[in-house]
Amino acid sequence: MPEAALLVEQHDHVLTLRLNRPDRRNALATSLLAAIAEQLTMADGAAEIRAVIITGSDTLFAAGADINELAEATSADPIESPRYQAWAAIRGFSKPLIGTVEGWCLGAGCELALCCDIVVAGAGASFGQPETNLGIIPGAGGTATLTRLIGRARAMHMVLTGETISANQAFDAGLIASVVDPGNAYATGWALAVKIAARAPLAMAAAKASIKDASLLPEDEHLRRERRRFVELLSSDDKQEGIAAFKERRAAVWRGI
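Attention here is on the structure that accompanies the text. Keep in mind that what you see is a predicted model, and the values were worked out from it rather than measured.

1. Focus: the pairing of strand β1 (residues 6-11)
In terms of strand pairing, β1 meets strand β2 (residues 14-19) through 6 bridges, oriented antiparallel. Bridge pairing links Val-8 to Leu-17 in β2. Linking two consecutive strands that pair antiparallel, namely β1 and β2, is a turn of 2 residues; a positive phi of about 55 degrees is found at Asp-12 within it.

2. Here we look at the environment of Gln-240
Relative to the elements of secondary structure, Gln-240 occurs in helix α11 (residues 237-248). Taking the relative accessible area as the measure of exposure, Gln-240 reaches 46% and is therefore partly exposed. Separated by 51 residues in the primary sequence, Gln-240 and Gly-189 place their C-alpha atoms 30 Å from one another.

3. Brief notes about the pattern of salt bridges
In the structure shown here, the tally under the stated rule is 9 salt bridges. We note a salt bridge from Lys-208 to Asp-117, for which the minimum N-O separation is 2.9 Å. Of this pair, Lys-208 sits in helix α9 (residues 201-212) while Asp-117 sits in the loop between α4 (108-114) and β7 (118-122); the two residues are 91 residues apart in sequence, bridging distant segments of the chain. Across the pair Arg-229 and Asp-213 runs a salt bridge whose closest N-O atoms are separated by 3.0 Å. Note that Arg-229 is positioned in helix α10 (residues 219-233) and Asp-213 in the loop between α9 and α10, a separation of 16 residues in sequence.

4. Some points on unusual backbone geometry
Positioned with a positive phi, Asp-12 is a non-glycine residue whose angle comes to about 55 degrees. Here Asp-12 lies in the loop between β1 and β2.

5. So, the packing of α9 against α10
Between α9 and α10, whose axes approach to 10 Å, the crossing angle comes to 175 degrees. Between α9 and α10, the interaxial angle falls into the category roughly antiparallel. Residue-level contacts link Leu-202, Ala-203, Ala-206, Ala-209 and Ser-210 of α9 to His-222, Glu-226, Arg-229 and Leu-233 of α10.

6. Describing the packing of helix α1 (residues 30-44) against helix α3 (residues 82-91)
Closest axis-to-axis distance for the α1/α3 pair is 8 Å, and the angle between their directions is 35 degrees. By crossing handedness, the relation of α1 to α3 is classed as left-handed. Taken together, the residues of α3 that come into contact with α1 (itself represented by Thr-30, Leu-33, Ala-34, Ile-36, Ala-37, Leu-40 and Thr-41) are Pro-82, Arg-83, Ala-86, Trp-87, Ala-89 and Ile-90.

Reading the values: the criteria
Residues numbered from 1 in each chain as written. Predicted model: local features only at pLDDT ≥ 70, side-chain atom pairs only at ≥ 80, totals over all residues. Heavy atoms only, no water. Pairing = 2+ DSSP bridges. Helix = DSSP H or I, 4+ residues; strand = E, 2+ residues; numbered from the N terminus. Buried < 20%, exposed > 50% of the residue type's maximum accessible area, 1.4 Å probe, protein only. Salt bridge = Lys/Arg side-chain N within 4 Å of Asp/Glu carboxyl O. Axes fitted to C-alpha atoms, helices over the stretch in contact; angles between N-to-C directions. Parallel < 35°, antiparallel > 145°, perpendicular 65-115°, else oblique. Contact = heavy atoms within 4.5 Å. Left-handed = near helix turned anticlockwise from the far one by under 90°.

Quick look at the structure:
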């Protein structure tokens, strides 16, 4: 996979990862997923990066997996393959992850959007899990994560029929956070990322982790973990700064400690 398949830009505290395989409709080959995972792993350890945007082009997010790679795959492939590990690393990213979508967001592309914490889509975007059209099923969250986000009935319809849904339908289902005018998804996502990056980094990571627990834990255990994270933040420098800034009626200067 040429390096240009993933364009990486950093401005202030926001990192942008732009899918760039226009000749293959941004097909998510394993090497491209690994590159995304590598960038997110590095961003997790970089204090200067506080939010990340994953985006495609002005007309396309990603139309699925790499069909040539898929054609060569067999049942002899290991479960915990490099592709599986890349997906796990992407899902494990601890900082706010924003997806901005224009055009097709299908198959592995839709599953990549499912990994994002907030998705902003242009009104012309389409979302789908059409893997059953190829005689297979989604293999990276298109049944597991999708069902938790939009419910059993809607997930069944999307996966079993292979049909796409519009951006407005995706919003109504709870799959994405907002719909904007076509061509404005990235600009809207950028403004959102800048806003989030200006907030307390430790609180952002703890809030993300706690919200994600809602689909994983019974409520009593979730409440206990939420409380534990809350208590842990009480001794942080950022909490002291937040209280001081509030009392002094000034903007807080977050240090992430």
